[in-house]
Amino acid sequence: MFAALAAELAGPAAAGLTASGLEELLDERGREVMRQLLQDHFDLRKIREEQQAREHPGPAQGPDGITRTRLETGHGRLLATLFGTVTVTRCAWRKPGAGNWRPADAALSLPAGRHSHTLAKLACLEAARGSFDGAHAAVTRRCGKVIGKRQVEESVVRAAADIPAFYASRIPEPCTPSALVVLSADGKGVVMRPGALRAATAKAAAKLGKLRTRLTAGEKPNRKRMAALVTVYDAEPAKRRPHDVIAPPGGRAGARELRPGPKALARWLAGSVRKDPADMIAAAFDEAGARDPQHLRTWVVLVDGADHQLALIRAEAARRGVTVHIVVDIIHVLEYLWGAAWSFHPAGDPAAEDWVAARALTVLAGGSDRAAAAITAEADAAGLEGSRRSGADACTRYLGNKREFLRYDQALNAGWPIATGVIEGACRHLIADRLNLGGARWGLDGAEAILTLRAVISNGDFAEYWRFHLAREHQRLYPGTTQGQYALGA
């Protein structure tokens, strides 16, 4: 086949092809050459196995301890691969009342289903990147018609099964005692099929009436199940001043160099639509504890200020006896300050930016109470009432309620991070960019698999995880054996 392909490329027909035409010819015909090479290798293994069985016709004992005396040849099965579908033929040792034992299956570590592990790996990577339709199309373009869309989805679910065990078995890299352990958590809704909603959400959705032409009030949020995300990373402290974070009104003067903030190192992301936020926060504390089992390092927890999240974090820290320093994300504070700014300025007024900067600098200097008092006094002096005052009042309430988590002067002086950019970015990357594609409605298993696989890929751990997954899969299918144990000559 290779000689025929080489002759075709040397012939007159190929001489008239463009560069792209030659590539397409080699892509199609070359894949068939590779498929035939793989098929020939399996056929060679079949011949050698049968020859060895004839030379040594004695009984065979499988890993289950059962001795089988009857030998049958010609047991074939189809295997869909990157290059196309091939037939794997092998010997089977049999005994009445016992299952067949095929040593070649263990030697090759064949999958339980029709699709090879390498094909499943490609399907996982494509499905984690885009829609299942797009993944199926991408695999078909590369490999031909070897797998269906539903099989792509099933492969992804199976492939993600060992992710919790993988991370539970890992030992984090050691870190210097001065390095911070930073934790953060967040959540984002995913549109689910009705059967995959949590019980309370499904009950609320069932009470809503239906319209033919649009969603009813409250129907949109009641189609979603909240995905919980957490992150843990290391960071060397980096001291800063308020002016390094927010430029003063009128801009920065002089050439004073800005001090950079702490950089996230050894980042670990995890997410789940199946588990509750409490379970994921516990998983984050597990990861942090693995990094600092003696609790010798400083633990900083970045939050968006949600009361339920704060309660879960405090309860988990108390249960483990670890001291955590909770810091509310400065970006959320700025959003409230901007809301207050529109109580005093007309929409689009450039002066609002300087107003926000001045109050933000006060908050960053540890004066959240002073900032709240100043906003209240300004609103009283301006005689603001009703809706005109709502933004200012919301801001002062927020600053008052969260004052113990707004000690930015201490955080900046200690070199801690004060923004939740890592977890916010994870929400966009892990969920919004894939699970919230237009029109997508998820089942629980599929959403969980895609989310956890995207987290593994984002962590840079997919290659290591896949080796771990293949080893676990081999033990599930062929317990007590190692790959190649029953190969010829072993």
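What you see is a predicted model, and the numbers here were worked out from it, not measured in a lab.

Draft legend 1. The arrangement of a positive patch on the surface in detail. A surface patch of like charges, here positive, comprises Lys239, Arg252, Arg256 and Arg259. Take Arg259: it is sitting in the loop between helix H10 (242-245) and strand E8 (265-272). Residue Arg259 is classed as partly exposed on the basis of its relative accessible area, which comes to 38%.

Draft legend 2. Region of interest: the environment of Glu464. Here Glu464 is to be found in helix H20 (residues 462-477). Under the relative-accessibility criterion, Glu464 is labelled partly exposed at 35%. Along the chain, Glu464 and Phe166 lie 298 residues apart, while their C-alpha atoms are 9.1 Å from each other. Every residue in contact with Glu464, bar those within four places of it in the chain, is listed here: Phe166 and Arg170.

Draft legend 3. Focus on the side chain of Lys402. Checked against the element boundaries, Lys402 lands in the loop between helix H16 (387-401) and helix H17 (408-414). Among the polar contacts listed, one links the side chain of Lys402 to the backbone oxygen of Gly305, at a separation of 2.7 Å. Beyond its immediate stretch of four places on either side in the chain, Lys402 contacts Gly305, Asp307, Leu310 and Val328.

Draft legend 4. Seen up close, the pattern of salt bridges. The final tally for this structure, using the stated rule, is 28 salt bridges. The closest approach of N and O atoms between Asp162 and Arg476, which form a salt bridge, is 2.8 Å. One end of the pair, Asp162, is in the loop between helix H7 (149-159) and helix H8 (163-169); the other, Arg476, is in helix H20, and 314 residues separate them in sequence. We note a salt bridge from Arg320 to Glu316, for which the minimum N-O separation is 2.7 Å. With Arg320 and Glu316 both in helix H12 (residues 307-320) and four residues apart, the pair spans about one turn of that helix. When salt bridges with common partners are traced through the structure, they connect Asp162, Arg472, Glu473 and Arg476 into a single cluster.

Draft legend 5. Layout of the packing of aromatic side chains. As enumerated under the stated definition, the model contains ten aromatic pairs in all. Between Phe344 and Trp355 the ring centres are 5.3 Å apart and the planes differ by 35°, which places this aromatic pair in the tilted class. One end of the pair, Phe344, is in helix H13 (residues 330-344); the other, Trp355, is in helix H14 (residues 351-364), with eleven residues separating them in the sequence. Considered together, Phe344 and Trp355 belong to a single accessibility category, that of buried residues. Here the aromatic residues Phe166, Tyr167, Trp268, Tyr465 and Phe468 are joined through ring pairs into a cluster of three or more. The cationic tip of Arg434 hangs over the ring face of Phe132; the distance from NZ or CZ to the ring centre is 5.3 Å.

About the criteria used
Residues numbered from 1 in each chain as written. Predicted model: local features only at pLDDT ≥ 70, side-chain atom pairs only at ≥ 80, totals over all residues. Heavy atoms only, no water. Patch = residues over 30% accessible without salt bridge, like charges linked within 9 Å, V, L, I, M, F, W, Y side chains within 5 Å. Areas by Shrake-Rupley, 256 points an atom, 1.4 Å probe, with all protein chains shown as cover. Salt bridge = Lys/Arg side-chain N within 4 Å of Asp/Glu carboxyl O. Lys, Arg positive; Asp, Glu negative; His and termini not counted. Charge placed at Lys NZ, Arg CZ, Asp CG, Glu CD. Helix = DSSP H or I, 4+ residues; strand = E, 2+ residues; numbered from the N terminus. Buried < 20%, exposed > 50% of the residue type's maximum accessible area, 1.4 Å probe, protein only. Contact = heavy atoms within 4.5 Å. Polar contact = N/O pair within 3.5 Å; in protein donor to acceptor, adjacent residues only side chain to side chain. Phe/Tyr/Trp six-rings, centres within 6.5 Å; stacked < 30°, edge-to-face > 60°. Lys NZ or Arg CZ within 6 Å of the ring centre and 35° of its normal.

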